[in-house]
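Observations on the model geometry
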Amino acid sequence: MSCKNKNKDSQMGFILFGMYVGLTFMILILASCSRSPELTPDQPKKQIALILRSDSADFWRTARMGAEEAAKEFNVDLRISGPRDEENIDDQVKSLRAYVKEGAEAFVIAANDGKAMSEAVDSMVSDGQTVIAIDTELESPRVRGFIGIDNYEAGRKAGAKLAQLVGNKGKVAVMGFKQGQQNAEQREQGVLDELARHPEITLVTKQYCYTNPNLCDELTRKAIVIHGGIDGVLALNAVSSVGVAQAIVDMGLSGVTKIVTFDTTQEDIELMQEGTIHASIILNPFNIGYLGVKSAVEVLDGKTIPKRFNTETKVIDQENMFWSDNQKLLFPFVR
């Protein structure tokens, strides 16, 4: 069965249910977290620029929604950009240069390359401007705070879940994003350290798919053939999860080879519902975007913010995906 061959009625019901829960969650967010500061009608808007890692991925569209919600709440003129490809750092640097020239007071940045963007921030941003890093840490004295997950601990959670699913023994593979990328390396190290605690689990291969799901599909098929079957695969980002799942389904191994992923696209959720993906480490991109803009506003208002704010991660599987709290994470807004 292909990944695209879905039970349409079941899918639509699931999506509508998720939208309902998502709408409810959004209302709760607005009611509980969005107590707007008192603003005078003629108070000028703060000028803040948001640079995302991508303008097309579901994860970053959700982060954008959170940032836009904070912009409305805190009277911000928010300018937003992001390249199509998460490997593209040049366009991010160009955006930073343009926003500096336009006179932005603060920058909320999710960098595709922490080192390159840190250098750009050092050379372009003045002392009077504020930088908040989200998702990817930046090593620059201009950065006032970081908001994102603890990638190492998230990796450990993923490794522990995969170990549980394969019964603490067998052959497993890891499909990563990119060598040298800070978040990916921390996440991968967490996985490896956790798997090392299980002596009967053998890591047979570790591959990198970059932003190409077809490459991940191909690498997964090769690994299964070369090693005579694999008990579990851990995909370290949403792009790789789609390629891994496609290979598993096409080879008739759905439900046999266990899959643990990171992030959740709509396709990932449907694959989990069908039993192809067995668990996912859920992040909270809406909060990352929201808190990024909120923190920039607080710095501009002269307030002190934490140097680091870790957002929540959670393991979601077929058993708990319909719990109300987890539905809030799976459907943070109405799409």
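The following paragraphs examine the structure supplied in this document. (Residues numbered from 1 in each chain as written. Predicted model: local features only at pLDDT ≥ 70, side-chain atom pairs only at ≥ 80, totals over all residues. Heavy atoms only, no water.)

Section: the nonpolar core
Just so we agree on the cut-off: Residues enter a nonpolar core if they are buried and are Ala, Val, Leu, Ile, Met, Phe, Trp, Tyr or Cys, with the set joined through side-chain atoms within 4.5 Å. The classification of residues rests on relative accessible area computed with a 1.4 Å probe and restricted to protein chains. Under 20% of the type maximum is buried, over 50% is exposed, and intermediate values are partly exposed. Runs of E in the DSSP output that reach at least two residues are strands. Runs of H or I that reach at least four are helices, and both are numbered from the N terminus.
Counting residues in hydrophobic clusters, the biggest one holds 44 residues, and the most contacted among them are Ile48, Val76, Leu78, Ile132, Ile134, Leu234 and Val293. No other element matches helix H10 (residues 285-300), which puts 7 residues into this core. With 24 residues, the next largest nonpolar core counts Met175, Val233, Leu253 and Leu329 among its residues.

Description of the pattern of salt bridges
How we decide: Whenever a carboxyl oxygen of Asp or Glu lies within 4 Å of a side-chain nitrogen of Lys or Arg, that contact is scored as a salt bridge.
Evaluation of the coordinates by the stated rule reveals 19 salt bridges. The partner of Glu194 in a salt bridge is Arg156, with the nearest N and O atoms 3.1 Å apart. Within this pair, whereas Glu194 is found in helix H6 (residues 182-195), its partner Arg156 is found in helix H5 (residues 151-165), the two being separated by 38 residues in sequence. For Glu194, a relative accessible area of 7% translates into the label buried. One salt bridge in this structure joins Glu194 and Arg197, with 2.8 Å as the shortest N-O distance. Taking the relative accessible area as the measure of exposure, Arg197 reaches 52% and is therefore exposed. Several salt bridges converge on common partners, so that one network encompasses Arg53, Glu86 and Asp135.

What about helix H9 (residues 266-274)?
Judged by how many residues are buried, H9 sits mostly within the fold: 7 of 9 residues are covered. The complete set of buried residues in H9 reads Gln266, Glu267, Asp268, Ile269, Glu270, Leu271 and Met272. Looking one or two residues beyond H9, the residue adopting positive phi is Gly275, at roughly 95 degrees.

What about the sheet that holds strand E12 (residues 314-317)?
What counts, and what does not: For two strands to count as paired, DSSP must find a minimum of two bridges between them. A fitted line through C-alpha atoms serves as each axis, taken over the contacting stretch for helices, and the angle formed by two N-to-C directions is quoted from 0 to 180°. Here, residues are in contact when the closest pair of their heavy atoms is within 4.5 Å.
Sheet architecture is open: 6 strands sit in the order E7-E6-E8-E9-E10-E12, paired in mixed fashion. Only two strands of the sheet have a single partner each, and these edge strands are strand E7 (201-208) and E12. With strand direction ignored, the average angle separating the axes of adjacent strands in the sheet is 20 degrees. Pairing of strand E10 (residues 279-282) with E12 involves 4 bridges; the strand directions are antiparallel. Its bridge partner being in E12, Ile281 is matched across the sheet by Val315. In this fold H6 packs onto strand E6 (170-176), E7, strand E8 (232-235) and strand E9 (258-262), with an angle of close to 165 degrees to the strand it touches most, E7.

Quick look at the environment of Phe107
Note on placement: Phe107 falls in strand E3 (residues 106-109). Taking the relative accessible area as the measure of exposure, Phe107 reaches 0% and is therefore buried. For the pair formed by Phe107 and Ala296, sequence separation is 189 residues and the distance between their alpha carbons is 7.5 Å. Not counting residues up to four positions away in its chain, the partners in contact with Phe107 are Ala49, Leu96, Tyr99, Val100, Val125, Gln129, Thr130, Val131 and Ile132.

Observations concerning the pairing of E6
What counts is decided by this rule: Throughout, right-handed denotes a crossover for which the path from the first strand over the helix to the second runs clockwise when the strands point away from the viewer.
The buried fraction of E6 amounts to 6 of the 7 residues, a majority that puts the element mostly inside the structure. Taken together, the 7 bridges between E6 and E7 define a ladder with parallel strand orientation. Bridge pairing in E7 links Ala173 to Thr205. Crossover E6 to E7 through H6 is right-handed.

Brief notes about the packing of aromatic side chains
This is how the line gets drawn: Aromatic pairs are defined between Phe, Tyr and Trp rings, using the six-membered ring for Trp, whenever the two ring centres lie within 6.5 Å; interplanar angles under 30 degrees are classed as stacked, those over 60 as edge-to-face, and all others as tilted.
In the structure shown here, the tally under the stated rule is 2 aromatic pairs. Ring centres of Phe59 and Trp60 lie 4.8 Å apart, and the angle between their planes is 75 degrees; this geometry places the pair in the edge-to-face category. Relative accessible area serves as the criterion here: at 2%, Trp60 is assigned to the buried category. Arranged with centres 6.4 Å apart and planes meeting at 55 degrees, the rings of Phe74 and Tyr290 form a pair that is tilted.

A word on helix H4 (residues 114-124)
The following threshold applies: The directions from the helix axis to the C-beta atoms are what the arc is built from. Polar contacts, as counted here, are pairs of nitrogen or oxygen atoms within 3.5 Å of one another; within protein the pair requires one atom able to donate a hydrogen and one able to accept it, and residues that are adjacent in sequence qualify only if both atoms are side-chain atoms.
Among all positions of H4, only Gly114, Met117, Ser118, Ala120, Val121 and Met124 are buried. Looking down the long axis of H4, one finds its buried residues gathered within 165 degrees of arc, a one-sided arrangement. The outward face of H4, more than 90 degrees from its buried face, is lined by the exposed residues Lys115 and Ser123. Check the buried side of H4 and you find it contacts helix H3 (90-102), E3 and strand E4 (130-134). Sitting at the amino-terminal end of H4 is Asp113, which places a side-chain oxygen 3.1 Å from the backbone nitrogen of Lys115.

Let's talk about the pairing of E4
Within a regular strand, side chains alternate between the sheet's two faces. Among the 5 residues that make up E4, 5 are buried, leaving the element largely enclosed by the rest of the structure. As paired strands, E3 and E4 are joined by 4 bridges and run parallel to one another. Across the sheet, residue Ile109 finds its bridge partner in E4, namely Ala133. At this point the chain moves from E3, through H4, to the parallel E4, and the crossover so formed is right-handed. Judged from the 4 bridges that link them, E4 and strand E5 (residues 143-148) form a sheet pairing that is parallel. Bridge pairing in E5 places Ala133 opposite Phe146.

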